[in-house]
Amino acid sequence: MQPGSKISSKASRNNRTVVFGCLTALAVMGGITAYSPTLYRMFCSLTGYGGTTQRAEAHSDKILDRTITVRFDSNIAPHLAWKFEPDVNKMDVKLGETSMAYFRVTNLSDKPVTGQAAFNVTPEVMGIYFNKLACFCFTEQTLKPHETVEMPVTFFVDPKMVDDSDTKILSEVTLSYIFYPVEHATAQNAAQPAKSGG
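Here the structure is a predicted model, which means the values were calculated and not measured. (Residues numbered from 1 in each chain as written. Predicted model: local features only at pLDDT ≥ 70, side-chain atom pairs only at ≥ 80, totals over all residues. Heavy atoms only, no water.)

### Concerning the overall build of the chain
Part 1 of the reasoning: Per the secondary structure count, the chain includes two helices and ten strands.
Part 2 of the reasoning: Taken from the N to the C terminus, the helices and strands of the chain come in the order α-β-β-β-β-β-β-β-β-β-β-α.
Part 3 of the reasoning: Burial status across the chain gives 35% buried among its 198 residues.
Part 4 of the reasoning: Sequence separation of 24 or more characterises 77% of the internal contacts of the chain that already satisfy a separation of 6 or more. (Helix = DSSP H or I, 4+ residues; strand = E, 2+ residues; numbered from the N terminus. Buried < 20%, exposed > 50% of the residue type's maximum accessible area, 1.4 Å probe, protein only. Contact = heavy atoms within 4.5 Å.)

### Some thoughts on the pattern of salt bridges
Part 1 of the reasoning: Scanning all chains against the criterion turns up five salt bridges.
Part 2 of the reasoning: With a closest N to O distance of 3.8 Å, Glu85 and Arg104 form a salt bridge. Highlighted residues: Glu85 in strand S3 (residues 82–86) and Arg104 in strand S5 (residues 99–107), separated in sequence by 19 residues.
Part 3 of the reasoning: Assessed through its relative accessible area of 30%, Glu85 is described here as partly exposed. (Salt bridge = Lys/Arg side-chain N within 4 Å of Asp/Glu carboxyl O.)

### Topic: the nonpolar core
Part 1 of the reasoning: Within the largest apolar cluster, 32 residues are counted, with the highest numbers of intra-cluster contacts made by Met126, Phe136 and Tyr177.
Part 2 of the reasoning: At the level of elements, strand S2 (67–76), S3, strand S4 (90–94), S5, strand S6 (113–122), strand S7 (130–135), strand S9 (148–157) and strand S10 (172–181) are the ones that each hand at least two residues to this core.
Part 3 of the reasoning: Contacts of Met126, omitting those with residues within four sequence positions, involve Ile68, Val121, Val157, Met161, Thr167, Leu170 and Val173. (Core = buried A, V, L, I, M, F, W, Y, C linked by side-chain atoms within 4.5 Å.)

### Describing the confidence of the model for the chain
Part 1 of the reasoning: Scored by pLDDT, the chain has a mean of 81; 69% of the residues are at 70 or more.
Part 2 of the reasoning: In this model residues 34–51 is a low-confidence stretch, pLDDT under 50, and it forms 20 contacts with partners more than four residues away in sequence or in other chains.
Part 3 of the reasoning: Scored below 50 in pLDDT, residues 185–198 shows eleven contacts in the model against residues more than four places distant or in partner chains. (pLDDT = per-residue confidence, 0-100.)

### Side note on unusual backbone geometry
Part 1 of the reasoning: Omega for the peptide link from Thr122 to Pro123 comes to -5 degrees, which places this bond in the cis form.
Part 2 of the reasoning: Here Pro123 lies in the loop between S6 and S7.
Part 3 of the reasoning: Look at His79: it is not a glycine, yet its phi comes out positive at around 75 degrees.
Part 4 of the reasoning: Positionally, His79 belongs in the loop between S2 and S3.
Part 5 of the reasoning: Although it is not a glycine, His146 adopts a positive phi angle of roughly 60 degrees.
Part 6 of the reasoning: For His146, the position within the fold is in the loop between strand S8 (141–143) and S9.

Here it is as structure tokens:
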């Protein structure tokens, strides 16, 4: 074999290695991009980033003799013909105590409409300590024309907040919701007659 052909063969292998490396990097970046919304939601849920609340499977095993005021805020996105408000604007709860609050929502339109609630708490540092056991925000909600329903949220504020220098002096937290229309469900419901009875 000629020396020139050895160099050419080595250069060809190097080129293939570089191309393969670039294609692998592109595939990894594409995968990260495709899953970034899911990864971001998981990150927020685990860390409380942006005031994202936690989803708890069990009640707190500790209740402190210290109260915190929980305020409730409700909003509706444009193009959703609903009225949405908390039954009470605030409540005082003990840290670790399981509490329930209700929100009233009315479909003001003449057709079935589906909405999904987004949520957060402020101050944002409280996100990791605000735990929901059950909430209407976990699933899409469909209301019949002019229907009014009461929607509960069951929650507790983790007593561990008193051990965190960023949260131990806080005396209130605001739980905020905003309902968005779910377009695909709205279109599907509009095409189907509303069920009677029930």
